[in-house]
Structure formats: structure tokens, C-alpha cells
Amino acid sequence: MEAVLRNFFQFLAKNKRMNQWAKKYGWHVGARRFVAGESIEQAIVKIKQLNEDGRSVTLDHLGEFVTSEEEARQFTYMCVKTLDAIHAANVSSHLSVKLTSLGLDISPDLCLNNVENIVCKAQEYQIFVRIDMEDYSHCQMTIDLFKHLRKTYDNVGIVLQAYLYRTDKDWEQLATIAPNIRFVKGAYKESDEVAFPNKADVDENYIYLVKQHLLHGQYAAIATHDEQIISKLKEFLVEREIKREQFEFQMLYGIRDDLQKRLVDEGYRVRVYVPYGTDWFGYYMRRLSERPANVWFVVKNVFK
Ligand SMILES: Cc1cc2nc3c(=O)[nH]c(=O)nc-3n(C[C@H](O)[C@H](O)[C@H](O)COP(=O)(O)OP(=O)(O)OC[C@H]3O[C@@H](n4cnc5c(N)ncnc54)[C@H](O)[C@@H]3O)c2cc1C
């Protein structure tokens, strides 16, 4: 049953019609648990609260189904506006971006131009930009584009997904350019041909990749809510005397708030991924697919 629900939510996440419908009617059916608001003003309020609690943020202006140059440019403009807002409010926040929202499916050159505008503006404000990793079909293009940007900019990082077989090789390639990497398990539905089908293998690969990266002396964003993995990595960090300045824990807004606070109390750096915007449907469906038990939150909200 869980697998069926998982596939169902993954299917909905990619459905443009549902996305449009949700934009019109759906904000109240539980999305606010995972999304900080539909406007930048609402998001800034949430960022301030998190900062006061000792948590930094990476802000994501949500945008999916970008199919024209004009939409990609408009989305780029919104990302620059988001940077302006972070700067003006003087909050502690990075920016996370998805390359498909910046036109990757339309033309890699257009996308490069758009992402460069964002990274360049961010550099002026001393804001770090993280390029999220999307599904397998975009993986190589994302890495290529990141490598290109990294030649000019220090304020840019990438994400690697532990569920892909190829990630170890990707890490090796990237290690030479001292990347700041966020490690995640991976949120998209991928075939057995490209991704480990078993969770245990994904978890093992996750731990392996993070350790390898840290031992290489590079900065890691350890993005997981998996308490067992976090405990194992904490032991490793102590054993190998890895300084707390070399890594941070990252979690998603609305998930394991208790664990986020506990890590802050223990003196670790914690950053929360805060999505905002009207295009929240795909993101929300991916969160439900990761944990179908969350559906009960939706049901409760519908009947409230
Ligand atoms: C900061 C951050 C950035 C990310 N960026 C990307 C990215 O760029 N590309 C990408 O593919 N993926 C990204 N992800 C998503 C990631 O790939 C996983 O899908 C997601 O984090 C769930 O995996 P997990 O590591 O938390 O472990 P899991 O084994 O899935 O979960 C461990 C525990 O965490 C809790 N949990 C996990 N998910 C949920 C949920 N949705 N609702 C409630 N509780 C939950 C549960 O207690 C669960 O038992 C990101 C995740 C984080 C935290």
C-alpha cells in the first residue's frame, strides 16, 4: 500500500493540471506544514523565527513546469528578487535553485546565463547559492553547469544523491574543484537501472559518501532527517576530530523540528531548507511520497 501511495504522489508531483488546480484551491490542505508561505514577506517572517532559534536557512523560491524562455527569465527575476529580500532583511539565509526552473530543459546556454545572473548577484550580497539536484535525466547537465560556474564563483555549491549508482564517480570528478556538497538520499522516482532499489544500500552509500568527503577536508551539508545516520556520523566526526566548521546538518522546513532544535542545543550548525511561493504543489507531493503517513495531516486539514 505504501509503495502505491508513493508512486501516486510522485505521479501527482509531475502533473501540471493538478499543479494549476492546487494553486487555485489547495493551500489549506496541509501544504503550509512544509511551505513557509506564498509570498516572500511570509517567508522572511519564518526565516527570522528560525534565525532567532539559532538555525540558518536556505530559501527556495518554488517553481516547476517552466517551458518557455520567457518563463525561465521571469523565474530568474524572482530569484534575484528573493536575494534582494534576503539582503534587505539582513537574515541568515542561502538560496537554493533548481536548474529546470531556470530553463535547463529549454537550452543549457539560456540556463547558464540565468543561473550566472543569480550567482553573480548573490556574490555581491555575499549569499551562497546551492544548486539542487533533480531527477536522473538532469544529473549530468547539472554537474557540468556547476563545474563551469565553479571556475568563476566560490559562492556556489551542488547536491549529490546517495541513491544513484553513479554518485561515487561524480564525487571523484568533483573532488578536484573543492566543492561544497549537500548530500541527500534522493527524492525522485528512479529505475533500478540507475538507483539502488533497497533503502539499506542507499543509507550505506550515504554514510560512505559523507565520510569520504569530510576526510578529503571538504565542506559537507549533511541533509537528512535520519536519526540513525546522524548518530553514526556524529560518532565519526568525534573519532576523526572533524571541526564543526567543516559541516552542517540540513533539514526541511516542517520536518523533525525537535531534532533540528536538539542539534542546535548540542552546538551543531543547522540549516533549514525553506520553500516558498505559489508553485508549491510538486514540492508538497514529493514530501508526501517520502512518507505517506503524512497523508493523515492532509485528511485532518480537509475536515478542519
Ligand atoms: C535540506 C535538504 C535538501 C534536499 N535537497 C534535495 C535535492 O536537491 N535533491 C533531491 O533529490 N532531494 C533533496 N532532498 C530530499 C532527500 O533526497 C530525501 O528525499 C529526504 O530528505 C528524505 O530522506 P531522509 O534522508 O530524511 O531519510 P528517510 O529515510 O526518508 O527518512 C528518515 C526519517 O525522517 C523523517 N522524514 C523523512 N521524510 C519525511 C517527510 N516527508 N515527512 C515527515 N517525516 C519525514 C521520518 O522520521 C523518517 O523516518 C533534500 C533534503 C533535505 C533535508
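Described in the following lines is the structure provided in the data block. (Residues numbered from 1 in each chain as written. Predicted model: local features only at pLDDT ≥ 70, side-chain atom pairs only at ≥ 80, totals over all residues. Heavy atoms only, no water.)

Right, let's talk about helix α7 (residues 167–175) for a bit. Along α7, the residues classified as buried are Thr-167, Asp-170, Trp-171, Leu-174 and Ala-175. Projection of α7 onto a plane perpendicular to its axis shows the buried side chains occupying an angular sector of 135°, all on one side. Where α7 is buried, its residues meet α6 (139–150), β4 (156–161), β5 (181–184) and α8 (199–215). (Buried < 20%, exposed > 50% of the residue type's maximum accessible area, 1.4 Å probe, protein only. Helix = DSSP H or I, 4+ residues; strand = E, 2+ residues; numbered from the N terminus. Arc of directions from axis to C-beta. Contact = heavy atoms within 4.5 Å.)

This part takes up empty space enclosed by the protein. Inspection of the entire model under this criterion finds 1 cavity of 30 Å³ or more. Within this model, the largest cavity holds a volume of roughly 60 Å³. Along its surface, the largest cavity is lined by Asp-60, His-61, Leu-62, Gly-63, Glu-64, Phe-75, Val-97, Lys-98, Ser-101, Tyr-283 and Arg-286. Listed by contribution, the elements that provide at least two residues to the lining of the largest cavity are β1 (56–61) and α11 (281–290). Its residues assigned to classes, the lining of the largest cavity comprises 4 nonpolar, 3 polar and 4 charged. (1 Å grid on protein atoms, 1.4 Å probe; cavity = no way out; pocket = protein on both sides within 12 Å on 5 of 7 lines; lining within 4 Å. Points joined across faces, edges and corners; volume = space filled by probe spheres on them. Nonpolar A, V, L, I, M, F, W, Y, C, P; charged D, E, K, R; others polar.)

The local shell around the ligand holds 25 residues, among which Lys-185, Gly-186, Thr-224, His-225 and Glu-290 are the closest. For the ligand, an oxygen atom lies 2.7 Å from a polar atom in the side chain of His-225. Protein contact buries 87% of the 920 Å² of open area that the ligand shows by itself. More than half of the atoms belonging to the ligand lie within 2 Å of the grid points that define the largest pocket. Looking at the shell around the ligand, the elements that each hand over two or more residues are β4, β5, β7 (247–252) and α11. Ranked by residues supplied to the shell around the ligand, first place goes to β7 with 3 residues. A per-class count over the shell around the ligand returns 10 nonpolar, 6 polar and 9 charged. (Near = heavy atom within 4 Å. Polar contact = N/O pair within 3.5 Å; in protein donor to acceptor, adjacent residues only side chain to side chain. Areas by Shrake-Rupley, 256 points an atom, 1.4 Å probe, with all protein chains shown as cover. Sits in = over half its atoms within 2 Å of the grid points.)

Taken by themselves, the reported measurements are silent on function.
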